[in-house]
Amino acid sequence: QAVLRRAARTASLNDAGVETRVFDWDELEGLRREADVVLCADCVYSEGAAPLLQKAILHIAKPGASVYVCCKSGRRGVAAFWESMADAMEEVEAKEEGDHVLKVYRSKGRGQLLD
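Summary of the structure given here. Everything numeric in this text was worked out from a predicted model, so none of it was measured. (Residues numbered from 1 in each chain as written. Predicted model: local features only at pLDDT ≥ 70, side-chain atom pairs only at ≥ 80, totals over all residues. Heavy atoms only, no water.)

### Side note on the pattern of salt bridges
Under the counting rule described, the total for this entry stands at five salt bridges. The residue Glu91 makes a salt bridge to Lys103 at a minimum N-O spacing of 3.5 Å. Note that Glu91 is positioned in strand β3 (residues 89–97) and Lys103 in strand β4 (residues 100–107), a separation of twelve residues in sequence. Overall, Glu91 belongs to the partly exposed group, its relative accessible area being 37%. (Salt bridge = Lys/Arg side-chain N within 4 Å of Asp/Glu carboxyl O. Helix = DSSP H or I, 4+ residues; strand = E, 2+ residues; numbered from the N terminus. Buried < 20%, exposed > 50% of the residue type's maximum accessible area, 1.4 Å probe, protein only.)

### Quick word on the layout of surface pockets
Each pocket or cavity is described by its volume, and for the largest pocket that value is around 970 Å³. Taken together, 26 residues form the lining of the largest pocket, with Leu4, Glu19, Thr20, Arg21 and Leu39 sitting closest to its centre. For the lining of the largest pocket, the secondary-structure elements that each account for two or more residues are α1 (2–13), β1 (35–41) and α2 (49–60). Of the residues forming the lining of the largest pocket, the biggest block, seven residues, is contributed by β1. Here the residues of the lining of the largest pocket are counted per class, giving 18 nonpolar, three polar and five charged. (1 Å grid on protein atoms, 1.4 Å probe; cavity = no way out; pocket = protein on both sides within 12 Å on 5 of 7 lines; lining within 4 Å. Points joined across faces, edges and corners; volume = space filled by probe spheres on them. Nonpolar A, V, L, I, M, F, W, Y, C, P; charged D, E, K, R; others polar.)

Structure representation (structure tokens):
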């Protein structure tokens, strides 16, 4: 939580309209779908975390939102997470740096009409 406090303070000093939150990925009730940008770093440590994180991201990201995710390569659950995100969102960029991968996604939104 100290990292989130520092991020919020930095945003405040720069007059950025940023809100930081800590929440349980398995308890999403009460969270609204209002995030324009979602940042996740080193959040997947097991196979069980992948679907929970993906569900949380889809729950809070509004249509057209940008989602930035950085994960350590080879960690358990990361491959499953990348697969689940590819099914749910449009991948717009991927970059490898050392043993980490950064992927940027764009939210497709819910309730889109099928062609």
